[in-house]
Each structure stands twice: as C-alpha cells, then as structure tokens.
Amino acid sequence: MAGIVQARRVSNHARWLVLLLGAAVFINYVDRGNLATAGPLLKTELGLSNTAFGLLISAFFWVYAPSQLLAGWAAQRFCAYRVLAAGIALWAVATVATGYAGGFLALLVLRLLLGLGEAAMFPCASKLITDHVPPERYGQANSVTALGLSIGPAFGTYVGGLVMAHYGWRPSFVLFGTLSLLWLLPWLRLRRDTARPHAASAPAPSLLAIARRRPAIAAALGHFCVNYSFYFMLAWLPVYLVKVHGYSIAGMAAMGGLLYLVEAGSALLFGYLPDRWIAAGASANLARKTMMTGGTLISAAALVGAALGDARVALIALFVAKLFGGMTGSNIYATGQTLAGPAAAGKWIGFQNAVGNAAGIVAPLLAGWLVDRAGNFTAAFLVAATISLCGAFCWSVMIGRIEPLDWPGVPRADATR
C-alpha cells in the first residue's frame, strides 16, 4: 500500500511539474516577445531604424545563447528546481525595469539581463522532465512546454498589444513582469511539498563529450534552422502586419494572437500523436524524424508562399507556417532528450539550445537589414525558407538514428523503440 501511495505521489508530482514548466515557458515567451509587440510604438518614440530595432531584439540572444551552456551545466550539477527559480526571478525584474527604461542604452542592458535569466528555462526543464517522465511520454510532456511557447506570444501579442494600444508600451512591461514573479509561489511549494525524483541521476558526460557526437551537432544545427524562422516572425510579425498589411495596433494584436494560437493547438496535437505512434509499436526514430522533417519542409514551402504570394496568399501561408511550426516545437526537445537520456539531458539541451538560439542573434538583424535594403519583406521570407530547408536535411539525414546514445561509464536509459 505504501508503494502505491508513493507511486501516486510521484505521478502527481510529475503532472504538476510539467504543468508548471509549461506555465514558465508561457511566461518566458510573453516577457521575451513584449519588445517586438511594442515595436511599432517604440520605433516611433525612439526614432529607431529597422536595423537598430533588430539590434535591440537580437541583444537578448547575445547572452541567452552562450548562457545555455552554463545553464545546462548548472541544471546537471545543482538543484534544477532552484536554478530555474533564480532565472525566473531575474528575468521578471528585468521585464519590470524595461517599463522604466529611458532610452536605447538602458533597453539594451535590460535585454541582456533578460537573456541571462531566461537561459535557465530549457536546460532545467529538460533535466526535470527526464528525471520524472518516462521516455515514451516525452512528446506529451514537451507538448505542454511547446504550448506555453506558442500561447506566450499569442497572449503577449494580443493582450500586450491591447494594453499598449490604450495605455502605451511601458505599462505592459511592468504588468507582465510583476505577474511573472507570482509563478514562484506554486513552484517553491511544489519543491517543498513533493517527493524527490523517482530515480537518482546517473553520472553526467562532459559537455565536450556531448559536443563531439554527430547527433548532438545535427540536433544543434537543426535547432538553429527551426529557430531562425520562429525568431524572424517573433521579431518582425507585428511590424510586418502593421506596415505591409495596414493593420492597426489592435488589429495586429488580434491577427498575431490568432497565428500563435494555431501554433499552440498544433503543438499539443503533434506532441500527442508521435507518443501514440510509439506506443503502437513505431520506433522513436521514425516518429520523431517524421515530425521534424515534415514540419521543416512544409514550413519552408509556406514561407516561400508568404514571400511571393499576394496579400491573401501571404496571410494563408503564415497560418500554414505556424501550424507546422507546432509540429517541430513539440518534438525538438523530445528528440534531444531521447538521444541524451537522463544522465546528459541538461547539458545536451544546453548545448543544443546554445547553437539553436544563435538564430535569435542572426534572424532579427539580418531580416532588418534585408528589409531596409529591399524596402519589403520578400528577401527576408526567402532566406527563412532556405534555412528551414537546411533544417530538414539536419533532422532527416545528418542526425542518424534517434535512439538513446551510449555514454562511457553511464548506464544506457531504457527507451521505447
């Protein structure tokens, strides 16, 4: 009887853990995307060019991307619960302070601090998921975080856009940053009142050992290719809808929010389906590769449609790109977690995310430069489509088989094949 009670306690712990991680990712992307939503107002107030605004967006990733390596190490070395709590506290304070920033330099510094705090999110989440969730349910667990990843921009774009339309851009940062701090209350209670992970962590391979493996390199490059399109649209979608399609701030908020809601629904669906496929007897290799390759190929075609089509075709293409962006969003971390296993998940995702989020540095800047040079978004969309095609190669060919890797001195994790 005691064993049954303990098993139920662990199961409840895992359920609440995953839900709170999804909420944290939601908060992460609300706070991260606020500056892009404020773009049409902020650019006018500060007199910024497209290139200068792209610089502000990309500054977040100057710290965020390399700090993934530190966060991955910290998640594996220390208590991942506490590392994540500290990260959220830092990024929430930086978000509040952004509402009081007096100029370009202050905004730049606060974006750097935001990037440092948010770096804790995915390495810690992956470490905790692999400690508490069995491999055959990685897709479902990651679909919850992918849902937060998509609903965060939807909520931030819609609600943040409406707040900005009525009160200006500054109050939205103060509001969302303050609300972010409230997440710590249930998280600290979860840590105090629930059981430890169901299995002790095995010795972790070194970061160098991970970085030398071809699947890790392929996953990292593939992650960059997926993220390029995501961050291009996260940074420039509000400006694109207002300047190209003539939306008001409120109209942009509604359309942008709807696009991200489509991606959110897709993330849930395509997180659930491959897990069911695996449970029915398919290999993790077949299920995850189908999701990642199919998602990148269809997204690439949609981005070409957005570049070359008329206004109606372009908007339809954006919805298609978001629909299949959810397919990759639910499986990109599940793939890395499957390959790494619990012993390496924190460091692996730290490495994968460090390379993948370099796209956040490149995409806003390159797109801004292309828009300034051409006077339209055509070239920016075509570059995103080309990079998405490169991602399809990484996920289908370069990565090899998607199955748990052997680490010297570390027992191999069980996996559903």
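Caption draft 1: Looking closely at the overall build of the protein. Looking only at helices and strands, one finds 18 helices and 0 strands in the protein. A globule of 417 residues ought to have a C-alpha radius of gyration of about 22 Å, and the protein, at 20 Å, matches this closely. With the principal axes as the frame, the protein shows a C-alpha extent of 65 × 40 × 35 Å. Taking all 417 residues of the protein together, 58% fall into the buried category.

Caption draft 2: Quick look at the nonpolar core. Ranked by size, the top nonpolar core spans 115 residues in total, and within it Trp187, Phe232 and Trp348 carry the most contacts. Those residues in contact with tryptophan 187, other than ones at most four positions away along the chain, are Leu17, Leu20, Leu21, Tyr81, Leu84, Ala85 and Leu128.

Caption draft 3: A look at the confidence of the model for the protein. Per-residue confidence for the protein gives a mean pLDDT of 81; residues scoring 70 or more make up 92%. The weakest mean pLDDT in the protein belongs to helix α1 (residues 2-37) at 70; the strongest belongs to helix α18 (residues 378-398) at 93. Here residues 1-10 scores under 50 on pLDDT; set against residues more than four positions off or in separate chains, the count is 6 contacts. Across residues 192-201, confidence stays below pLDDT 50; counting only partners more than four residues off in sequence or on other chains, it has 17 contacts.

Caption draft 4: Expanded view of a nonpolar patch on the surface. Taken together, the side chains of Leu90, Leu105, Val109, Leu113 and Leu116 make up a nonpolar region of the molecular surface, amounting to roughly 410 Å² of accessible area. Per-element accounting of the nonpolar patch gives the leading share, 4 residues, to helix α5 (residues 104-118). Take leucine 90: it is sitting in helix α4 (residues 80-98). Judged by its relative accessible area of 32%, leucine 90 is partly exposed.

Caption draft 5: Quick peek at α4. Look at α4: 27 Å from first C-alpha to last across 19 residues, which is about the 27 Å you get at 1.5 Å a residue. For α4, the set of buried residues is Ala80, Tyr81, Val83, Leu84, Ala85, Gly87, Ile88, Trp91, Ala92, Ala94, Thr95 and Thr98.

Caption draft 6: Seen up close, the side chain of asparagine 357. On the secondary structure map, asparagine 357 appears in the loop between α16 (345-356) and α17 (359-374). With relative accessibility at 0%, the residue asparagine 357 sits in the buried group. A polar side-chain atom of asparagine 357 sits 2.5 Å from a polar atom in the side chain of tyrosine 231. Apart from the residues within four sequence positions on either side, asparagine 357 is in contact with Arg32, Phe61, Tyr64, Ala65, Asn227 and Tyr231.

Caption draft 7: Up close: the state of the cysteines. Applying the stated criterion across every chain, the model contains 0 disulfides. Sulfur of cysteine 390: no disulfide; nearest cysteine sulfur belongs to cysteine 225 and is 5.4 Å away. Classification of cysteine 390 by relative accessible area gives partly exposed; the value is 41%. For the unlinked cysteine cysteine 394, the closest cysteine sulfur is that of cysteine 225, found at 4.9 Å. On the basis of relative accessible area, cysteine 394 is assigned to the buried category, the value being 6%.

Caption draft 8: Quick look at the packing of aromatic side chains. Per the counting criterion, the structure on display carries 11 aromatic pairs. Consider the rings of phenylalanine 122 and tyrosine 333, whose centres lie 4.7 Å apart with planes at 5 degrees: the pair is stacked. One end of the pair, phenylalanine 122, is in helix α6 (residues 121-132); the other, tyrosine 333, is in helix α15 (residues 332-340), with 211 residues separating them in the sequence. For the pair phenylalanine 122 and tyrosine 333, one class covers both residues: buried. Counting every residue linked through ring pairs, the aromatic cluster contains Phe232, Trp236, Tyr240, Phe377 and Phe381.

Caption draft 9: Spatial organisation of the pattern of salt bridges. The tally for this structure, following the rule as stated, stands at 3 salt bridges. A salt bridge links aspartate 275 to arginine 288, with the shortest nitrogen-to-oxygen separation between them at 2.9 Å. Highlighted residues: aspartate 275 in helix α12 (residues 249-279) and arginine 288 in helix α13 (residues 284-308), separated in sequence by 13 residues. In this structure aspartate 275 comes out as buried when scored by relative accessible area, which is 2%. Owing to a relative accessible area of 1%, arginine 288 belongs among the buried residues under this scheme. Two residues, glutamate 403 and arginine 401, come together in a salt bridge whose shortest N-O distance is 3.5 Å. Owing to a relative accessible area of 23%, glutamate 403 belongs among the partly exposed residues under this scheme. Owing to a relative accessible area of 47%, arginine 401 belongs among the partly exposed residues under this scheme.

Caption draft 10: Seen up close, the packing of α13 against α18. Where α13 contacts α18, the axes come no closer than 8 Å and their chain directions differ by 165 degrees. If you check the angle between α13 and α18, you find them roughly antiparallel. For α13 against α18, the interelement crossing comes out left-handed. Touching Lys289, Met292, Thr293, Thr296, Leu297, Ser299, Ala300, Leu303, Val304, Ala306, Ala307 and Leu308 of α13 are Thr378, Phe381, Leu382, Ala384, Ala385, Ser388, Leu389, Gly391, Ala392, Trp395 and Ser396, all from α18. Among the residues making up the contact of α13 with α18, the classes are represented as 15 nonpolar, 7 polar and 1 charged.

Conventions used here
Within each chain, residue numbers correspond to sequence positions counted from 1 in written order. Totals for whole chains, interfaces and linings use all residues, but because this is a predicted model, local features are given only for residues with pLDDT of at least 70 and pairs of side-chain atoms are given and counted only at 80 or more. With hydrogens and water stripped out, all remaining heavy atoms of the structure feed into the side-chain values. Numbering of helices and strands runs from the N terminus, with a helix taken as a DSSP run of H or I at least four residues long and a strand as a DSSP run of E at least two residues long. Note that the radius of gyration is over C-alpha atoms, with the globule rule given as 2.2 Å times the number of residues to the power 0.38. Each residue is placed in one exposure class: buried if its accessible area under a 1.4 Å probe, protein chains only, is under 20% of its type's maximum, exposed if it is over 50%, and partly exposed if it falls in between. We call a set of buried residues a nonpolar core when its members are Ala, Val, Leu, Ile, Met, Phe, Trp, Tyr or Cys and they connect through side-chain atoms within 4.5 Å of each other. Contacts between residues were defined by any pair of non-hydrogen atoms, one from each residue, lying within 4.5 Å. Values of pLDDT, which run from 0 to 100, indicate the predictor's confidence residue by residue. Exposure above 30% relative accessible area and no salt bridge define the residues that can form patches, which grow by joining like charges within 9 Å and nonpolar side chains of Val, Leu, Ile, Met, Phe, Trp and Tyr within 5 Å. Accessible areas in this description were obtained via Shrake-Rupley with a 1.4 Å probe; residue shielding takes into account the shown protein chains only. Salt bridge, as used here: a side-chain nitrogen of Lys or Arg that lies within 4 Å of a carboxyl oxygen of Asp or Glu. In a helix, the anticipated span is given by 1.5 Å times the number of residues less one. Pairing of N or O atoms within 3.5 Å defines a polar contact, subject to two protein rules: one partner must be a possible hydrogen donor and the other a possible acceptor, and residues neighboring in sequence count only if both atoms are side-chain atoms. Any cysteine sulfur atom paired with another within 2.5 Å is treated as part of a disulfide. Side-chain rings of Phe, Tyr and Trp (the six-membered ring for Trp) are treated as a pair once their centres are within 6.5 Å; stacked means planes under 30 degrees apart, edge-to-face means over 60, and tilted covers the remaining angles. Each axis is a line fitted through C-alpha atoms, taken for helices only over the stretch in contact, and angles between the N-to-C directions span 0 to 180 degrees. Note that the term roughly parallel is reserved for angles under 35 degrees, roughly antiparallel for angles over 145, roughly perpendicular for angles of 65 to 115, and oblique for everything else. Note on convention: the crossing is left-handed when the near helix lies turned anticlockwise from the far helix by less than a right angle, right-handed when the turn is clockwise. Basically, the charged four are Asp, Glu, Lys and Arg, the nonpolar ten are Ala, Val, Leu, Ile, Met, Phe, Trp, Tyr, Cys and Pro, and anything else, Gly included, counts as polar.

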